[in-house]
Amino acid sequence: MKRFLPKTIKTRITIAIMISTIITTIIISYFCFSVFQRLLRKNLIQSTGSNLQLVLKNIENNMDNIKNLAKWCTTNSSISSYVVNAPNRVSGRDALNTYYRLQEELLNSKSSNHVGRLIISNPKNALLQTIYGINEGLLYDGKTSREVPYFQELIEARDFKWLGLKQDPFNNKTNASIIPIIRPIYSSFDSSIDGWVYISVNTSIITDYLEDYALEDDSDLYVIINNIIYLYKDKELKEVSPEFKVVKNNTAEYNKDISYYTVKDKEGISHTVVSYASNLNGWYIAQSISDEQFVVQKSIYFPLILLIIALLFTLGAMLTYTFNRMINRPISKINKKILEISAGDFSKNVSIESSDEIGTIGKGINILSQDVLDLIDSRVADEKQKKN
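Residues take numbers from 1 onward in each chain, read along the sequence in its written order. Note on the predicted model: pLDDT of at least 70 is required for a residue's local features to be given, and 80 or more for side-chain atom pairs to be given and counted; whole-chain, interface and lining totals, by contrast, use all residues. Heavy atoms from the whole structure form the basis of all side-chain values; hydrogens and water molecules are not counted.

A closer look at the side chain of serine 112
For the purposes of this entry, the term helix denotes a DSSP run of H or I that reaches at least four residues, the term strand denotes a run of E that reaches at least two, and both are numbered from the N terminus. Assignment of secondary structure puts serine 112 in the loop between helix H3 (92-108) and strand S1 (115-121). Partly exposed describes any residue whose relative accessible area lies between the buried limit of under 20% and the exposed limit of over 50%, with all areas from a 1.4 Å probe on protein chains only and scaled to the type maximum. The buried category is assigned to serine 112, whose relative accessible area is 7%.

Next up, the structure:
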C-alpha cells in the first residue's frame, strides 16, 4: 500500500483536497439536480394544470349559458302555457309568439352558436323547434324527440346529467356528435311533467377552445365526460380506451381540482398525466406531459449545474494553492536553514519562527542551532585553556 502513496506531504495534501473536492462536487451536483428535477416537475405540472383550468373554465362558462337557457325554457310562462295547451288548444298566433320568444332568448344567449337544435314538446307530440346554423334533420312532430334512447334517463334525472358525446339522432347525413340535454317542464299545479325541452349542444363548445391549445407532438389531450375518455386529435374528439396502469396519484397542493398521475402504458413506459376537474359533474380535461418538455426545461438547468461544478473545482484549486502556500513556504525556509547549519552557519533566523506548529519547529531549530554554537564556543574555549 505504501508504494502507491506519494512520498511528499505536499502531494498527499493536494491529492486529499482534490479527492474531497470531487466527492463534494458529486454530492452537491446530485442534490442540486434532484432539487431542480422536483422543481421542474412541479412547475411543469402547475403550468399545465393552469392551462387546462383556463380551457375548461371557458367551456364551463358556455355550458352554463346553455344550462341557463334550458332552465329558462322550463320556467317561462309562455312555454309552460304552450306545452299545456298544444297542439289542440293553442292558437296559431300564440304558438308563433311563443316560437319568436324562444328564438329571441336563444339568440340572446352568449353560447347560441353552440346550440344545434332546441325542441319544446309534450306527450301530445306538440313541437316548437329552432335549428341554429343547419337545415338537415327537420322534425315534423315532437314524438321523435322522446324516441331517443337516452330520453327517460335524462328527463328523470334530478339535475343536468351528462352522458358524453352522442351521435345526432335527427341528422343522418353526417356523423356529427352532440351533447344532449333534456329537462322536464313541470306543471304549475303539481309535480307532473307537462312537457320537456331538448337541446343538442355541438361539440364545438369544446373543440373551439382546444384548437389553439399549445401541445407538443408527443403529448395527448383528453376530455373525460361520464367516465368516457375522448382524445382530441385533428380538431375532433374521438372516443378511446387507453391502456395504462396508474402507478401514483397526487393532488396539487395549490389547487385541489388539479391532479397528476404517473402511469405506465402497455409497453411499460412511464408518463405523467395532469388533469383538471370541472364544476360540471363528471367532466375532466387531461394532458399527458411531453418528454420533450422535460428535456427543454432540463436544458435550462444544466448550465447552472455546470457553473456550480466549475465553482466547486475552482474552490478546490484555491484551497490546494492556499494549503501549499501555508505549508510549503515555511518548510522551504526550514530546509534552507538546515542546509545553512550543515554548512556551518549557526546564526539565528527569525523568519522561520511563528505561532503555528511549523513555526514551533523553526523555533526549535534556532534553539538547537544556538546550543550547538554555544557548545562549539565552549569546546574552543576549553582547548585554548589546555594549551595555555
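Picking up after the structure, the text goes on.
Quick notes on the pattern of salt bridges
Salt bridges are counted wherever a side-chain nitrogen of Lys or Arg sits within 4 Å of a carboxyl oxygen of Asp or Glu. Per the counting criterion, the structure on display carries five salt bridges. Note that glutamate 60 and lysine 57 form a salt bridge whose closest N and O atoms lie 3.4 Å from each other. Placement of both glutamate 60 and lysine 57 in helix H1 (residues 9-75) is noted, with a separation of three residues, approximately one turn of the helix. The buried category is assigned to glutamate 60, whose relative accessible area is 3%. For lysine 57, a relative accessible area of 28% puts it in the partly exposed group. Across the pair lysine 161 and glutamate 153 runs a salt bridge, and its minimum N-O distance is 2.9 Å. On the basis of relative accessible area, lysine 161 is assigned to the partly exposed category, the value being 37%. Each of Arg101, Glu104 and Glu105 takes part in one network of salt bridges that share partners.

A closer look at the nonpolar core
We define the nonpolar core as a collection of buried residues of types Ala, Val, Leu, Ile, Met, Phe, Trp, Tyr and Cys that are connected through side-chain atoms lying within 4.5 Å of one another. Within the largest apolar cluster, 51 residues are counted, with the highest numbers of intra-cluster contacts made by Leu118, Ile120, Ile199 and Ile206. Take this core: its biggest share by element is 12 residues, from H1. Contact between two residues is taken to exist if any of their heavy atoms lie within 4.5 Å; hydrogens are not considered. Once you skip the residues sitting within four places of it in the chain, isoleucine 199 turns out to touch Ile66, Leu69, Ala70, Val115, Arg117, Leu118, Ile179, Pro180 and Ile181. Counting residues in hydrophobic clusters, the runner-up holds 13 residues, among them Leu139, Phe170, Ile182 and Trp196.

Concerning the sheet that holds strand S2 (residues 127-131)
Two strands make a pair as long as DSSP finds a minimum of two bridges between them. Strand order in the open sheet made by the five strands is S2-S1-S5-S4-S3, with antiparallel pairing throughout. The open sheet has two free edges, formed respectively by S2 and strand S3 (166-167), since each of these has just one partner strand. Sheet topology places S1 next to S2; five bridges connect them, and they run antiparallel. Each bridged residue has a counterpart across the sheet, and for leucine 118 the counterpart in S2 is threonine 130. Where helix H2 (residues 77-85) meets the sheet, its contacts fall on S1, S2, strand S4 (177-186) and strand S5 (193-202), and the angle it forms with S1 comes to roughly 55°. Axis definition: a line fit to C-alpha positions, over the contact stretch in the case of helices; interaxial angles, taken between N-to-C directions, run 0 to 180 degrees. Together, S1 and S2 form the strand contacts of H3, whose direction differs from that of S2 by roughly 35°.

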